Every structure is written in structure tokens, then in C-alpha cells.
Amino acid sequence: MDVTTDERDFDRLVSADERVEPRDWMPEGYRRTLIRQIAQHAHSEIIGMQPEGNWIARAPSLRRKAILIAKVQDEAGHGLYLYGAAETLGVERADLLELLHTGRQKYSAAFNYPTPTWADVAAIGWLGDGAAIMNQVPLTRCSYGPYARAMTRVCKEESFHQRQGFEAMAVLCAGTPAQKQMAQDALDRWWWPVLMLFGPSDEASAHSARSMAWGIKRFSNDELRQRFVDATVPQADHLGLRIPDPDLRLEADGHYRFTPVDWNEFADAISGNGPCSRERIAHRVDAHEDGAWVRAAAQAYADKHGDRAARGAAA
Amino acid sequence: MTPDGAAPDRPRADRLWEVFVRSRRGMSHTHVGSLHAFDAASALLSARDLYTRRQEGVSIWVIPSAELTASSPDEKDSFFDPAADKPYRHPTFYEVPEGLAHL
Ligand SMILES: [Fe+2]
Ligand SMILES: [Fe+2]
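Nothing here was measured: the structure is a model prediction, and the numbers come from that model.

Scoring rules and cut-offs
- Residues numbered from 1 in each chain as written.
- Chains lettered and ligands numbered in written order.
- Predicted model: local features only at pLDDT ≥ 70, side-chain atom pairs only at ≥ 80, totals over all residues.
- Heavy atoms only, no water.
- Donors = N, O, S within 2.8 Å, 3.2 Å for Na, K, Ca; no water.
- Helix = DSSP H or I, 4+ residues; strand = E, 2+ residues; numbered from the N terminus.
- Pairing = 2+ DSSP bridges.
- Axes fitted to C-alpha atoms, helices over the stretch in contact; angles between N-to-C directions.
- Contact = heavy atoms within 4.5 Å.
- Salt bridge = Lys/Arg side-chain N within 4 Å of Asp/Glu carboxyl O.
- Buried < 20%, exposed > 50% of the residue type's maximum accessible area, 1.4 Å probe, protein only.
- Tetrahedral: all angles 85-135°; square planar, octahedral: opposite > 155°, others 65-115°.
- Phe/Tyr/Trp six-rings, centres within 6.5 Å; stacked < 30°, edge-to-face > 60°.
- Lys NZ or Arg CZ within 6 Å of the ring centre and 35° of its normal.

Peer 1: Any chance you could break down the coordination of the iron ion (ligand 2) for me, citing the residues and the numbers?
Peer 2: Residue and element names in this part refer to chain A. Surrounding the iron ion (ligand 2) are the protein donor atoms Glu 75 (OE), Asp 129 (OD), Glu 158 (OE) and His 161 (ND1), which sit 2.0 to 2.2 Å from the metal. Counting residues between consecutive donors of the iron ion (ligand 2) along the chain gives the motif E-x53-D-x28-E-x2-H. Separating the iron ion (ligand 2) from the iron ion (ligand 1) is a gap of 3.3 Å, which Glu 75 spans by donating to each of them. Linking Glu 75 in helix 4 (residues 62-87) with Asp 129 in helix 6 (residues 118-139), this pair joins segments that are 54 residues apart in sequence.

Peer 1: How would you summarise the sheet that holds strand 2 (residues 29-37) of chain B if you had to cite specific residues and measurements?
Peer 2: Residues and elements named next belong to chain B. Taken in spatial order, the three strands of this open sheet run 2-1-3, and their pairing is antiparallel. Taken across any chain shown, the strands that pair with only one partner, and hence form the sheet edges, are strand 2 and strand 3 (59-64). For this sheet, the mean angle separating the axes of adjacent strands, direction not counted, is 25°. Note that strand 1 (residues 15-22) and strand 3 share six bridges and pair antiparallel. Bridge pairing in strand 3 links Phe 20 to Trp 61. Helix 1 (residues 40-51) rests against strand 1, strand 2 and strand 3 of the sheet, and its axis sits at about 115° to strand 2.

Peer 1: Account for the pattern of salt bridges, with residues named and values stated.
Peer 2: Counting across every chain of the model gives 20 salt bridges over all chains. Residue Lys 71 of chain A is joined to Asp 129 of chain A by a salt bridge in which the shortest nitrogen-to-oxygen separation is 2.8 Å. Of this pair, Lys 71 of chain A sits in helix 4 while Asp 129 of chain A is found in helix 6, placing the two residues 58 residues apart along the sequence. Per residue, the accessibility class of Lys 71 of chain A equals that of Asp 129 of chain A, and both read buried. For Arg 54 of chain B, the salt bridge goes to Asp 74 of chain A, with nearest N and O atoms at 2.4 Å. With one member in each of two chains, Arg 54 of chain B in the loop between helix 1 and strand 3 and Asp 74 of chain A in helix 4 form a pair that bridges those chains. Residue Arg 54 of chain B is classed as partly exposed on the basis of its relative accessible area, which comes to 34%.

Peer 1: How would you explain the coordination of the iron ion (ligand 1) if you had to name every residue and give the values?
Peer 2: Residue and element names in this part refer to chain A. The protein atoms donating to the iron ion (ligand 1) are Glu 45 (OE), Glu 75 (OE), His 78 (ND1) and Glu 158 (OE), with metal-donor distances spanning 2.1 to 2.7 Å. Around the iron ion (ligand 1) sit four donor atoms, and with donor-metal-donor angles ranging over 83 to 147° the site reads as irregular. One chain supplies every donor to the iron ion (ligand 1), and in sequence these donors are spaced E-x29-E-x2-H-x79-E.

Peer 1: Any details on the packing of aromatic side chains? Residues and values, ideally.
Peer 2: Residue and element names in this part refer to chain A. Here the structure, examined in full by the defined rule, presents twelve aromatic pairs over all chains. Pairing Tyr 30 with Trp 214 gives two aromatic rings, centres 5.6 Å apart and planes at 85°, and the pair type is edge-to-face. With Tyr 30 in helix 2 (residues 28-47) and Trp 214 in the loop between helix 9 (208-213) and helix 10 (221-239), this pair connects stretches of sequence that are 184 residues apart. Each of the two residues, Tyr 30 as well as Trp 214, counts as buried. Summarising the aromatic geometry, the rings of Trp 126 and Phe 166 are spaced 6.0 Å apart at their centres and angled 65° between planes, so their arrangement reads as edge-to-face. Separated by 40 residues along the polypeptide, Trp 126 in helix 6 and Phe 166 in helix 7 (residues 145-173) bring together distant segments of the chain. Among the residues examined, Trp 126 registers a relative accessible area of 1% and is labelled buried. What links up through ring pairs into an aromatic cluster is the set Phe 10, Trp 25, Tyr 30 and Trp 214. One cation-aromatic arrangement involves Arg 58 over Trp 55; the distance from NZ or CZ to the ring centre is 3.9 Å.

If you want it as C-alpha cells, here you go:
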């Protein structure tokens, strides 16, 4: 096969660690991979609002409530930055949402787990957003410009998410024995789903190598998972909590060895049969349908006034 | 498919807008991303909520993406060639005797 000038230019950009921009030529596989990854990332942000949003009305204090509202609002923003980045690749947000609503595109299976106590909200912030930071910081150097820029914006906001979760966890751990137990139970529930967030192990990850070659991924799933464990165990120690892995131990090389994720256990959650899968999508579809009258009204107005209305020229 | 069932020949209510934010007085507006909105006023409100939740800006511009004209179909063609062979436009092109100031 002939290598075209376009392909050569693309390869040169990627190998020089420069950014590919929306109107550059790019291989179809690169475009498809990015659309899928960015869309799934966006879906995870907005579905991820649900397990925490569930606790806004029940937050234990006004301070915690204000923090949680701000955090959940940030996650909506993350979804919007990402849908915007996906749209630069020639897809429409409405179509991506349709794929989410009909189960044809996925989101992180971790969000299919419930948040039965306030400590689960704390654990999601501490562990879930901590994992998100590990995943997303390398993506700020992704070869696709709009995705990288969206990630830079997201990462600036994530650090507050992780800290507020850790702080809420620390408050519980300094509380009554029952409160501390609540924190431990939440850690026990979330530890494995969060490790799962990093994706399948390297041997099982089909597209990993190609994504690395294209500069979309910078580190493998297992490398990032290891970094997360190394960073998080001392934090759990500080809180006086026990990581639910009997084989966890610090090796001489300074890294923690841990039990590999049992992927069979998560097969259901990943394939959309997790404890809350149906509920999450149903809630999302309801929210979308509840907004239909607003879209219809705006469309009726545009029909009547045309472009003038959209531009606000009449004002 | 058009979102929310607008026929292709009808004007589209839901449009994409590009957002530019002036981070503080004395700086230019910089492109920060895009968003969907029905009109200019709602685009501004959404831009405020989406891009300036932490005082990232003191002024916002929004423009319908479809009305933005860009230089060329890709970012590297001959459009910028005329500037490539004129090094004499840069001060570094010139020899300056050593020890002289204000030159
Ligand atoms: Fe997020
Ligand atoms: Fe977050």
C-alpha cells in the first residue's frame, strides 16, 4: 500500500509529539478510536453524577451539601467539555447520547454500584476521583489537541474532588466507632470497582498497543493501576483503614503487590448488568425526556424567527 | 439525524457556539471550547456556567461555530508560505556591533 503524503504528515506529527487538530487528515481508525474513547469518557462523567447526586439532599451538613453540589456540577461540566471535544471529530452530541441511552455505547462500570451510605460518597471522591486523576493527567498530553485541552481543564478541577472526598473520609474516621466502620465498609465496597476503572489488564487489552503508538495513551492500564495503589495505600494507612486485599504488601522496590482484579466478578457490571445499570440509564433517559418541551419550544421559536432568533439580533 | 426532530430545511434551534474568555483585564479573549445553545443570550449564560465557575474570566464572547471562517482546510498548507522566506522581518537577521546599547 502506498503511504500518502497525508499519512506521512500525520505520522510525523505524532512521532514529533505534536498535536493533531480537528481539520488535519487522520487515519479512520484513529478518528474512530478517539470518538469511542471520548464519548465513553463523557458518558462516564454524566452517569457518574448519579451515585453522588443521590446524596445531595441528604448531605450531613450545609457545608458538605454545598461542596457536593459544586462537585456534581463540575462532573456535568466535564461531560460537556468532552462531548464538545468529540464533536470536533464530526459526530453530534445528540447522536452520542442516543447511543448511550440505547446501550450501544458504554460508560465506566464502577458507576453501576450503589451509594448506600454517606461514606460511599466520601469514598467515591477519595478513590474514584483519585483514580480519575491518575488516568486523566497523562491524557493532557494526548496527541489529539481538543481532547488534551479538555483534559487540562478537567484535571484542574479534579484535585478538589479528591480532597473533599478524603476530608469527608477523615472526618468519619475521627468520629464514633460506628462512623469509622461506615468508612471501612465503603472502602471495602469501592476498592475493587475503582481498581477496575483502569480497564482490563494489559494482556487482555486489545487496542492498548495501537492507542499507545498513536499517542492517545501514554501508559498502560496496569501501569496506571499500580501507580494508583502505590499512592493510595499510605492514605488509607493515614486514615487508619484497611485495604480489603489480604495479599497486599510493600515490596523492596517500593511498589505494592496486590491481588489481580477478578474480572469474572465484574463481567456483569461491565456488560451492563451491574446492580444499578438499568436504573442509571432509565434516570438519564427520563432527564433527557423531561427536557423535550424546552427543545420543542426553542425549535418553534427558531421556526418562526429563523436565524435572527438564534443570533439574538432581535434583542 | 438532527437533534429533537428538526427537519433539515428548518432553521436549527440547537446550534454549536465557540466560546472565548478574557481571563483578566489587559489580556485578549482566548478560545476555550464550544457549547450547544438556542440563542446568543443562552449561549452566554451557559458559557459562564461551563467555563468560568472558578473566576476564570472577566468577559466572554460567543459566536455560532458555523459563522466562523478559518484559514484553510488543514493547518499547514501554502497559506502561510509567504512568511517563510522573509527572515529580514526579525531583528535577529541583523548584525549589531558589540557593546552598543538601545539597538
Ligand atoms: Fe470528572
Ligand atoms: Fe471528578
